[in-house]
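Observations on chain architecture
Chain residues, written in single-letter form:
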Amino acid sequence: MTREAAVETSRDRVREEARISAAKPLTLYRLFWLFLIAGVVGDFIEVAFWLLTRGELISRSSLVYGPFSLVWGLGAVLLTLAFHRMDDQSAARVVLAGAVLGGAYEYICSWIQEVLFGACFWDYRHLPFNLNGRVNLVFCLFWGVAALVWVRAAYPALCLFIDRVPRRRGRRMVRAAALFLTCSTVLSAAALWRMDQRRQEVPAGGGVSRFLDEAYPDRWLKDRYPNMGILDEIGW
């Protein structure tokens, strides 16, 4: 057997293993791994994209601690739940469904940020074919392409990777990551909520509020979330 044939045989074997892994039932363990991987990778992708397109190295994390994007992580879970059984569907159907679902997901995420924190973390009003500045046609199409890539390649490959992690070690890693992300998410939400209160001139009402004021003042949060816009300031 030639070297090229051996390489192709190895690739075929890996593809088949990935297909078998992807066909297994979904579990919370697997979903959390997908959430974790997508959240970290998504954050680095956004940082790299911003650096390449704007020449700025800035934070794109959703959390006050850790390089993690909740939008990417939850988006991966959403794509998995919606499309993990659509690998036999046509590419056009997957792209169309992904564009609609992704656009709705992004719109809802933007609306929740506005309601909870009085802020937005992306604004597409300067782009054509946008809906209330929350979504636009180009990024909806991006979601569609992402759904296709997820179904055809990313999901099977990640399932294979997850299955190859020793289960005992994997469970310890999942528990540690879940604890860290829970703490960071709660702290991030509290800090942003308190920032919105300060904007409304609500005085600190206890020890927790005073701690948040001292540890996470507006300047610190704006450095951590440089793309964040306060609704009153940007005219929403």
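Rules and cut-offs
Residues numbered from 1 in each chain as written. Predicted model: local features only at pLDDT ≥ 70, side-chain atom pairs only at ≥ 80, totals over all residues. Heavy atoms only, no water. pLDDT = per-residue confidence, 0-100. Contact = heavy atoms within 4.5 Å. Salt bridge = Lys/Arg side-chain N within 4 Å of Asp/Glu carboxyl O. Helix = DSSP H or I, 4+ residues; strand = E, 2+ residues; numbered from the N terminus. Buried < 20%, exposed > 50% of the residue type's maximum accessible area, 1.4 Å probe, protein only. Axes fitted to C-alpha atoms, helices over the stretch in contact; angles between N-to-C directions. Parallel < 35°, antiparallel > 145°, perpendicular 65-115°, else oblique. Left-handed = near helix turned anticlockwise from the far one by under 90°. Nonpolar A, V, L, I, M, F, W, Y, C, P; charged D, E, K, R; others polar. Patch = residues over 30% accessible without salt bridge, like charges linked within 9 Å, V, L, I, M, F, W, Y side chains within 5 Å. Areas by Shrake-Rupley, 256 points an atom, 1.4 Å probe, with all protein chains shown as cover. Lys, Arg positive; Asp, Glu negative; His and termini not counted. Charge placed at Lys NZ, Arg CZ, Asp CG, Glu CD. Core = buried A, V, L, I, M, F, W, Y, C linked by side-chain atoms within 4.5 Å. Expected span 1.5 Å × (residues − 1).

As for the confidence of the model for the protein chain
Per-residue confidence for the protein chain averages 87 on the pLDDT scale, and 93% of its residues sit at or above 70. Counting interchain partners and residues more than four positions distant, the pLDDT-below-50 stretch residues 230–236 has 25 contacts.

Some details on the pattern of salt bridges
Taken as a whole, this structure holds 10 salt bridges when the rule is applied. A salt bridge links D163 to R30; its shortest N-O distance comes to 2.8 Å. Residue D163 is found in helix α5 (residues 137–164), and its partner R30 is found in helix α2 (residues 28–54); the two are separated by 133 residues along the sequence. Among the residues examined, R30 registers a relative accessible area of 4% and is labelled buried.

Here's the deal with the packing of helix α3 (residues 70–83) against helix α4 (residues 91–117)
Taken N-terminus to C-terminus, the directions of α3 and α4 make an angle of 140°; their axes are 11 Å apart at the nearest point. Judged by the angle between their axes, α3 and α4 are oblique. For the pair α3 and α4, the sense of crossing is right-handed. Side by side, α3 and α4 meet where L70, V71, L74, G75, L78, A82 and F83 of the first sit next to V94, A97, G98, L101 and Y105 of the second. Here the contact of α3 with α4 is built from residues that sort into 10 nonpolar, two polar and no charged.

Points about unusual backbone geometry
Its identity as a non-glycine residue notwithstanding, N132 has a phi of 55°, on the positive side. Looking at the element boundaries, N132 is found in the loop between β2 (130–131) and β3 (135–136). Its relative accessible area of 47% is what places N132 among the partly exposed residues.

Description of a positive patch on the surface
There is a patch of like positive charges on the surface, built from R167, R168, R169, R171, R172 and R175. Residue classification places R171 among the partly exposed residues on the basis of a relative accessible area of 39%.

Observations concerning the nonpolar core
Note that soluble globular proteins tend to have their nonpolar side chains buried in a common cluster. Within the largest apolar cluster, 29 residues are counted, with the highest numbers of intra-cluster contacts made by F32, W33, L34, L36, W150 and L181. For this core, the secondary-structure elements that each account for two or more residues are α2, α3, α5 and α6 (167–199). Per element, the largest residue contribution to this core is nine residues, and it comes from α2. Of all hydrophobic cores here, the second largest spans 18 residues; its members include Y105, Y124, W143 and M228.

Here we look at α6
Residues lying three or four places apart along an α-helix face the same way, a consequence of the helix completing one turn every 3.6 residues. Helix length check: α6, at 33 residues, gives a terminal C-alpha distance of 47 Å against a target of 48 Å (1.5 Å per residue), a fit within 8%. Within the sequence span of α6, burial applies to G170, V174, A177, L181, S184, S188, A191, L192, R194, M195, D196 and Q197. Positive backbone phi, at 60°, marks E201, one or two positions downstream of α6.

Thoughts on the packing of α3 against α5
Look at α3 against α5: their axes get within 10 Å of each other, and the N-to-C directions meet at 70°. Classified by the angle their axes make, α3 and α5 are roughly perpendicular. Relative to α5, α3 is oriented so that their crossing is right-handed. Only F142, W143, A146, A147, W150, V151 and Y155 of α5 make contact with α3, whose side of the interface consists of W72, G75, A76, L79, T80 and F83. By residue class, the composition of the contact of α3 with α5 is 11 nonpolar, two polar and no charged.

Topic: the side chain of S21
Residue placement: S21 occurs in helix α1 (residues 3–22). When neighbours within four sequence positions are excluded, S21 is seen to be in contact with R30, C159, L160 and D163.

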